[in-house]
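Overview (structure and organization)
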Amino acid sequence: KMQAGDVLVGVASSGVHSNGFSLVRKVFGLNKEKLETYYKELGCTLGEALLTPTRLYVKPALAAIEAADVKAISHITGGGFYENIPRMLKDNTVAVVQKDSYTVPPIFDLMAKKGNIDEQMMYNTYNMGIGMIVAVDPADVDKTIAAMKAAGDTPYIVGEIKDGEKGVTLC
């Protein structure tokens, strides 16, 4: 039922989760000393940031489904935005995601800077702070957001579905 004009609501992730740790190890050369290094921008040690428990999305997904007509769901896991979001799209639809619609957690900025990793690669590897995205009719956005908040999560309007070549556009 997804169509152009549907709104993308994203749920905040809790960090890196379990994806892309080969790249994390390459960037930081993990050892005890590095894991115990405190980073002001993280507000904790590198180890604490990397080992933040993975947020699960069952509660906000079920809450959204009960509150609204959820047309599609994408779990942003390994493969980031570019590999996961297209799996929920119909042919001839594109997900347009506004990168400034939410705050990217500082661990991702630190990895990109320290590893000299370009933005495309970061969004193709990591969740970049959004762990799940649902597509809903514009009339259902407020109900969806309220249900996700009631489930204890932090939702954001992150974009919309448009007509176009199947894929993701970040802007």
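Scroll up for the structure.
Cut-offs and rules
Residues numbered from 1 in each chain as written. Predicted model: local features only at pLDDT ≥ 70, side-chain atom pairs only at ≥ 80, totals over all residues. Heavy atoms only, no water. Helix = DSSP H or I, 4+ residues; strand = E, 2+ residues; numbered from the N terminus. Contact = heavy atoms within 4.5 Å. Buried < 20%, exposed > 50% of the residue type's maximum accessible area, 1.4 Å probe, protein only. Polar contact = N/O pair within 3.5 Å; in protein donor to acceptor, adjacent residues only side chain to side chain. Salt bridge = Lys/Arg side-chain N within 4 Å of Asp/Glu carboxyl O.

Within the element layout of this structure, Val 94 appears in strand 5 (residues 93-97). Sequence-wise, Val 94 and Asp 163 are 69 residues apart; in three dimensions their C-alpha atoms are separated by 6.0 Å. Beyond its immediate chain neighbours, meaning those up to four positions away, Val 94 contacts Leu 89, Glu 160, Ile 161, Lys 162, Asp 163, Gly 164, Glu 165, Gly 167, Val 168 and Thr 169.

Here we take up the side chain of Asp 140. By secondary structure assignment, the location of Asp 140 is in the loop between strand 6 (130-136) and helix 8 (141-150). Residue classification places Asp 140 among the buried positions, given a relative accessible area of 11%. At a separation of 3.2 Å, a polar atom in the side chain of Asp 140 contacts the main-chain amide nitrogen of Asp 69. Residues within four places of Asp 140 in sequence aside, it is in contact with Ala 68 and Asp 69.

On inspection of all chains with the given rule, the structure shows seven salt bridges. Of the charged contacts in the structure, one is a salt bridge between Lys 71 and Asp 6, with a shortest N-O distance of 3.0 Å. Separated by 65 residues along the polypeptide, Lys 71 in strand 4 (residues 70-75) and Asp 6 in the segment before strand 1 (7-12) bring together distant segments of the chain. For Asp 140, the salt bridge is made with Lys 143, and the minimal N-O distance between the two is 3.0 Å.

Both trends apply: most residues other than glycine have a negative phi, and most peptide bonds are in trans. A positive phi is found at Asn 92, a non-glycine position, where the angle reads about 65°. For Asn 92, the position within the fold is in the loop between helix 5 (80-84) and strand 5. Positive phi, normally seen in glycine, also occurs at Asn 116, with a value near 50°. Checked against the element boundaries, Asn 116 lands in the loop between helix 6 (106-115) and helix 7 (119-125).

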